[in-house]
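# Close look at the chain arrangement
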Amino acid sequence: MERILGKKLCGGIAIGPIHFLDGEKACTCSEVLDPDRELSRFESACTEAKAQLNKLQIKAQHEAGEEAAEIFEIHAMLLEDDDFCDAVRQNITQKHWDAAYAAQQAGESIAADFLAMDNEYFRARSADIRDVAARVAGVLQGKRPEQQSVPGIVAAEELTPSQTIQMDATQLLGFVTRQGSPSSHTAILARSMAIPAIAGVAVNPEWEGKTAILDGNEGLLLLNPDEQTLTMYQSRAAVQKAEKAQLKALIGQENVSRSGRIIKIFANAGSLADIALAQQNDAGGIGLFRTEFLYLDAPALPDEQQQFAVYKRALLAMPGKRIVFRTMDIGADKQVSYLDLGQEANPALGCRAVRYCLSHQEVFRTQLRALYRASAYGKLSIMYPMITSAEELDEIYAVSASVREELRRAGTAFDETVPEGIMIETPAAAVISDLLAKKADFFSIGTNDLTQYTLAVDRQNPNLGSFYQPHHEAILRLIRMTVENAHKAGKPVGICGELGADISLTEAFLDMGVDELSVAPLSVLKIRKAVRQAL
Ligand code: PEP
Ligand code: MG
């Protein structure tokens, strides 16, 4: 048995034969005498490639959700990208290459530029541009896009998003690749389709047909497993399958305890893919939409229109359900190179979240304008992170009131009743929660930071793990106090930190009267089960 460790892309266990997938064959160049003809062949190939991408977008929407579908929309946009198209045209007219070779080489050269970037997100985009170039080259060579049917675990140097979505999902047990990173579009697709996957493995064509176990939870590939290991993994996979089926049976059921107590179970989201997962897992809404990904994944500050498009898309993907958008929680562990955050000795205690927003109001107003405009498309709430005082909240509300006034004057449609709540994630906020409850429309307790700041333990420091104790009596008292103060003022209160998903505390949270738990999408049904088992 061979044990090979890779990078985790998507959890879960797959057991089956390896199917080795050959990469796209490189085109060979043939010199052309009629560049104009090649130019027009290239233009028609782009039109055909766009039509193919449109079909894949629909397939992805159906099988893997909104964000997966968006990948193919981005590919279609790449086909119109001047850098790519101009490079292909130059390859044809100046180097006299045929259109297929010209497209493939243009893709390779742009992909190499992406690969040389520092930012992991942009490095991952090299696979997308190569995928698009290969599609155009394929059309020019007369290749028909085939529905691949592969029983087993696919091994490949690299899997493009197109190859992944084209596979028959019922036959694809898992995949292992050499290339690829957790932020690649292929990894996003794997997670949307719940296919166990790992990358960073030196795959070998000689593995074809060999039995393997792919443990996506541990990032492990076991080749030719011995009987004992195989039996152990088979029973583990069977347990996981049974648990999944048991949880699936809870879809559509109420979050009600045995004595009739009801609690809302919402999901946390950090991307549009999470919205799809939240829907699949029957979340009542999104209790925390971390908007940071918009800033972290972008090369420059996203403008109002770009933000509005994402917020609107999220709301349209969850019709009738509430989404609580948290304004940008940038700073501390979430550094963004294009924002002027400066060097700080203690970033977790520094210019983070609303502190940044209040000192950079144009950035803040842009986000608020985008949020309010999106409120016309669904049930939207706004939540402010890292609050420490009532005066700070007054300042924030003054900004949001002036943004609303600006929109009103411009005749822009928005929901006048958007609730504005706050995160309780500093000890100060919990201690003065009676004062804050008079101003905020709702509370959501961020136990991750509340633990960090109350116990003075850096949540990022792996050496302090044993000191990071969310069950500490100080944390539980602050939660209880916050819930009581919220309720005295008639305001609802939820928990959106990791502690909300801790089933050993579900009954305690019911006892305290917490109104809502917001947890990772894949934990929604697990919490529903715990609620239904509690008294
Ligand atoms: C928290 O602090 O508990 C929280 C939910 O916010 P984040 O983890 O994004 O800081
Ligand atoms: Mg926090």
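Structure: see above.
First, a word on scope: everything that follows refers to the structure included in this document.

Rules and cut-offs
- Residues numbered from 1 in each chain as written.
- Chains lettered and ligands numbered in written order.
- Predicted model: local features only at pLDDT ≥ 70, side-chain atom pairs only at ≥ 80, totals over all residues.
- Heavy atoms only, no water.
- Helix = DSSP H or I, 4+ residues; strand = E, 2+ residues; numbered from the N terminus.
- Rg over C-alpha atoms; globule rule 2.2 N^0.38 Å.
- Buried < 20%, exposed > 50% of the residue type's maximum accessible area, 1.4 Å probe, protein only.
- Contact = heavy atoms within 4.5 Å.
- Areas by Shrake-Rupley, 256 points an atom, 1.4 Å probe, with all protein chains shown as cover.
- Lys, Arg positive; Asp, Glu negative; His and termini not counted.
- Charge placed at Lys NZ, Arg CZ, Asp CG, Glu CD.
- Donors = N, O, S within 2.8 Å, 3.2 Å for Na, K, Ca; no water.
- Disulfide = S-S within 2.5 Å.
- Near = heavy atom within 4 Å.
- Polar contact = N/O pair within 3.5 Å; in protein donor to acceptor, adjacent residues only side chain to side chain.
- Nonpolar A, V, L, I, M, F, W, Y, C, P; charged D, E, K, R; others polar.
- Core = buried A, V, L, I, M, F, W, Y, C linked by side-chain atoms within 4.5 Å.
- Pairing = 2+ DSSP bridges.
- Axes fitted to C-alpha atoms, helices over the stretch in contact; angles between N-to-C directions.
- Left-handed = near helix turned anticlockwise from the far one by under 90°.
- Salt bridge = Lys/Arg side-chain N within 4 Å of Asp/Glu carboxyl O.

### What to know about the overall build of the protein
The secondary structure content of the protein amounts to 21 helices and 16 strands. Relative to the 2.2 N^0.38 estimate, which gives 24 Å for 535 residues, the radius of gyration of the protein is 25 Å and therefore close to what a compact globule would have. Evaluated residue by residue, the protein yields a buried proportion of 51% over its 535 residues. Long-range contacts, defined here as pairs at least 24 residues apart, represent 68% of the contacts in the protein between residues at least 6 apart. Carbon and sulfur atoms make up 51% of the accessible area of the protein, which amounts to about 23700 Å² in all. Treating the 54 positive side-chain charges of the protein as one cloud and the 71 negative ones as another, the clouds have centres 6 Å apart.

### A look at the coordination of the magnesium ion (ligand 2)
Every protein donor of the magnesium ion (ligand 2) is listed here as Glu425 (OE) and Asp449 (OD), and their distances to the metal cover 2.0 to 2.1 Å. One end of the pair, Glu425, is in the loop between strand E13 (420-424) and helix H16 (427-431); the other, Asp449, is in helix H18 (residues 447-455), with 24 residues separating them in the sequence. A residue is classified by how much of its surface remains accessible, and Asp449, at 2% relative accessible area, is buried.

### Points about the state of the cysteines
With the rule as written, the count across this model stands at zero disulfides. Just so you know, Cys351 is unpaired, no disulfide at all, and the nearest cysteine sulfur is the one on Cys357, 8.9 Å from it.

### As for the site of ligand 1
Every one of the 15 residues lining ligand 1 counts as a neighbour, but Arg290, Arg326, Gly446, Asn448 and Arg459 are closest to it. Take Glu425: an N or O atom from its side chain is 3.1 Å from an oxygen atom of ligand 1. Arg459 places a side-chain nitrogen or oxygen 2.8 Å from an oxygen atom of ligand 1. Contact with the protein chains covers 99% of the free accessible surface of ligand 1, which is 290 Å². At the level of secondary structure, the elements contributing two or more residues to the shell around ligand 1 comprise strand E10 (285-290) and H18. Top element by residues in the shell around ligand 1 is H18. It accounts for three residues. Its residues assigned to classes, the shell around ligand 1 shows three nonpolar, four polar and eight charged.

### Description of the nonpolar core
In this structure, Tyr384 and Ile479 are the most contacted members of the largest nonpolar core, which totals 83 residues. The contact partners of Ile479, leaving out residues within four places of it in the chain, are Ile445, Thr447, Ile495, Leu499, Phe509 and Met512. If you look at the next biggest cluster of nonpolar residues, it comprises 50 residues, including Leu53, Ala68, Leu140 and Met193.

### A closer look at the pairing of strand E12 (residues 379-384)
Burial runs high along E12: five of the six residues are buried. Relative to E12, strand E11 (residues 322-326) runs parallel, the two sharing five bridges. Paired with Arg322 across the strands is Lys379, a residue of E12. Inspection of the sheet shows E12 paired to E13 by three bridges, in the parallel sense. The partner of Tyr384 across the bridge, within E13, is Ile422.

### Brief notes about the sheet that holds strand E7 (residues 211-215)
The mixed open sheet is built from eight strands, whose spatial order is E1-E8-E7-E3-E4-E5-E6-E2. One side of each edge strand has no neighbouring strand; the edge strands of this open sheet are strand E1 (2-5) and strand E2 (7-10). Each adjacent strand pair in this sheet contributes to an overall mean axis angle of 30°, direction not counted. On the sheet, helix H8 (residues 185-192) packs against E2, strand E5 (172-177) and strand E6 (197-199) and is oriented at approximately 55° with respect to E2. The sheet contacts of helix H9 (residues 227-248) involve strand E3 (13-21), E7 and strand E8 (220-223), and relative to E3 the element is tilted by about 110°.

### Section: the packing of helix H12 (residues 304-316) against helix H14 (residues 361-374)
Packing of H12 against H14 leaves a shortest axis separation of 8 Å and a crossing angle of 35°. Here H12 and H14 pass one another in a crossing that is right-handed. Here Glu304, Gln305, Gln307, Phe308, Tyr311, Lys312 and Leu315 of H12 come into contact with H14, specifically with Thr366, Gln367, Arg369, Ala370, Leu371, Arg373 and Ala374.

### Quick notes on the pattern of salt bridges
Throughout the structure, instances matching the rule amount to 30 salt bridges. A salt bridge links Arg41 to Glu38, with the nearest nitrogen and oxygen atoms 2.9 Å apart. Taken together, the residues span about one helical turn, with Arg41 and Glu38 both in helix H1 (residues 35-64) at a distance of three residues. Take Glu38: its relative accessible area is 5%, and that puts it in the buried class. Between Asp128 and Arg125 there is a salt bridge, and its shortest N-O distance comes to 2.8 Å. The same class applies to Asp128 and to Arg125, which are both buried.

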